[in-house]
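Now for the letters of each chain:
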Amino acid sequence: MNIKKSLFKSKKLFDKSFRTFFTLFAEPLNCICCEKMCYNIPLCKNCFQTQLCTINYNNRCSVCGKDLISEENICLECREEPVIKHADFVFPVHSYKLWKKDLLYTWKLNNTKQLSEVFAQIIDSVIKHFFNDKNIIIVPVPPRPGKLKQKGWDQIQDLCKYLEYIYGYKILNMLKRINEDEQKSLNRIQRLEHIEKAYEFNSKNKQIFDEIILIDDILTTGATTEACAKILKENGIKKVNVITLFYAD
Ligand SMILES: [Zn+2]
Ligand SMILES: [Zn+2]
């Protein structure tokens, strides 16, 4: 075991003992979903198990992976105006609705880093469900450079640390973000054009693999997924799979 790994594990052990100690004195939190009292993360054990860990693997769009309402195997958007063309497999885990939106918000904006561990567990179970390959390479979608300065931490990188040191996956930063502009003010078309130019292949990475899994927090228009998948394909990756924690309808 390398030093980095053992340091991370001992930090985890420390976190755990600290947490046990902490829960004895800490102010309890309220579950974002059912409002019951809970500790450490703003989600109670029951909601974590029944809501987050219960994943619907059936009846998904064969292009974007979102839950389907109709019997067709492709959703309306992917039939009429498909955005994702270069990804081979896309699986956004949960719909980004109601309290799930609050949960993601809490993770990203309130620095609730404990949620990284929870989300890594979800990603690991999805990887096990579809791939069952511990050696598969995971590629994080890089954050906007401005975002890092603003919030001080990169949630996806943090989640990937857990995937690496606790679950044993290999993480490779194959992508780099190059454009700093905020995207929220852009309309859909502008966003699609803009995102296409926002990422590039990280030339520091010389290794090429047949298959990777791209990880992101949320699938919205699919533009980020498409931009990243396209670059990876152009740089020799044969099969690009994508897993995101949430998707917006
Ligand atoms: Zn609850
Ligand atoms: Zn679709």
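See the structure printed just above.
Residues numbered from 1 in each chain as written. Chains lettered and ligands numbered in written order. Predicted model: local features only at pLDDT ≥ 70, side-chain atom pairs only at ≥ 80, totals over all residues. Heavy atoms only, no water.

Draft legend 1. Expanded view of helix α2 (residues 45–52). The complete set of buried residues in α2 reads C47, F48 and L52. On an axial view of α2, the arc spanned by its buried residues comes to 105°, and they lie on one face. Taken together, the buried residues of α2 touch β3 (89–95), α4 (98–109) and α5 (114–130). (Buried < 20%, exposed > 50% of the residue type's maximum accessible area, 1.4 Å probe, protein only. Helix = DSSP H or I, 4+ residues; strand = E, 2+ residues; numbered from the N terminus. Arc of directions from axis to C-beta. Contact = heavy atoms within 4.5 Å.)

Draft legend 2. Structural context of the coordination of the zinc ion (ligand 2). Coordination sphere of the zinc ion (ligand 2), protein contribution only: C61 (SG), C64 (SG), C75 (SG) and C78 (SG), at 2.2 to 2.3 Å. One can describe the donor arrangement at the zinc ion (ligand 2) as tetrahedral, given that its 4 donor atoms subtend angles of 102 to 114° at the metal. Counting the intervening residues between successive donors of the zinc ion (ligand 2) yields the motif C-x2-C-x10-C-x2-C. Within this pair, whereas C64 is found in the loop between α2 and α3 (76–80), its partner C78 is found in helix α3, the two being separated by 14 residues in sequence. Comparing C64 with C78, the two get one shared label, buried. (Donors = N, O, S within 2.8 Å, 3.2 Å for Na, K, Ca; no water. Tetrahedral: all angles 85-135°; square planar, octahedral: opposite > 155°, others 65-115°.)

Draft legend 3. Spotlight on the sheet that holds β3. Read across the open sheet, the 5 strands follow the order β3-β9-β8-β4-β5; overall the sheet is parallel. Each edge of the open sheet is held by one strand with a lone partner, namely β3 and β5 (170–171). With 4 bridges joining them, strand β4 (residues 137–140) and strand β8 (residues 211–219) adopt parallel strand pairing. Looking at the pairing, V139 lines up with L214 of β8. Each of β8 and β9 (239–247) is contacted by helix α9 (residues 223–234), which is oriented at about 165° to β8, the strand it contacts most. (Pairing = 2+ DSSP bridges. Axes fitted to C-alpha atoms, helices over the stretch in contact; angles between N-to-C directions.)

Draft legend 4. Geometry of empty space enclosed by the protein. Inspection of every chain in the model, using the stated rule, returns 1 cavity of 30 Å³ or more. Empty space within the largest cavity amounts to approximately 80 Å³. In terms of lining residues, the largest cavity is bounded by 13 residues, among which C64, K66, E77, C78 and T221 are the most central. When its residues are assigned to classes, the lining of the largest cavity shows 6 nonpolar, 3 polar and 4 charged. (1 Å grid on protein atoms, 1.4 Å probe; cavity = no way out; pocket = protein on both sides within 12 Å on 5 of 7 lines; lining within 4 Å. Points joined across faces, edges and corners; volume = space filled by probe spheres on them. Nonpolar A, V, L, I, M, F, W, Y, C, P; charged D, E, K, R; others polar.)

Draft legend 5. Structural context of the side chain of N202. Here N202 shows up in the loop between β7 (199–201) and β8. At 2.8 Å, the side chain of N202 and the backbone oxygen of N173 are in polar contact. Contacts of N202, omitting those with residues within four sequence positions, involve N173, M174, L175 and K176. (Polar contact = N/O pair within 3.5 Å; in protein donor to acceptor, adjacent residues only side chain to side chain.)

Draft legend 6. Spotlight on the coordination of the zinc ion (ligand 1). For the zinc ion (ligand 1), the full set of protein donor atoms is C31 (SG), C34 (SG), C44 (SG) and C47 (SG), and the range of their distances to it is 2.3 Å. Around the zinc ion (ligand 1) sit 4 donor atoms, and with donor-metal-donor angles ranging over 102 to 115° the site reads as tetrahedral. If you list the donors of the zinc ion (ligand 1) from N- to C-terminus, the spacing comes out as C-x2-C-x9-C-x2-C. Of the two residues, C34 is situated in the loop between β1 (29–30) and β2 (37–38) and C47 in helix α2; the sequence distance between them amounts to 13 residues. By relative accessible area, C47 is classed as buried at 5%.

Draft legend 7. Region of interest: the pairing of β8. Counted residue by residue, β8 has 8 buried out of 9 residues, so it is predominantly covered. Two strands pair when backbone bridges link them, and β8 and β9 are joined in this way by 8 bridges, in the parallel orientation. Counted as the bridge partner of I212 is V240 from β9. Since β8 and β9 lie parallel, the crossover through α9 that links them has a hand, and here it is right-handed. (Right-handed = clockwise from strand over helix to strand, strands pointing away.)

Draft legend 8. Spotlight on α5. For α5, spanning 17 residues, the distance from its first C-alpha to its last is 26 Å, which sits close to the expected 24 Å at 1.5 Å a residue. Every buried residue belonging to α5 is among L115, S116, E117, V118, F119, A120, I122, I123, D124, V126 and I127, and all of these are buried. (Expected span 1.5 Å × (residues − 1).)

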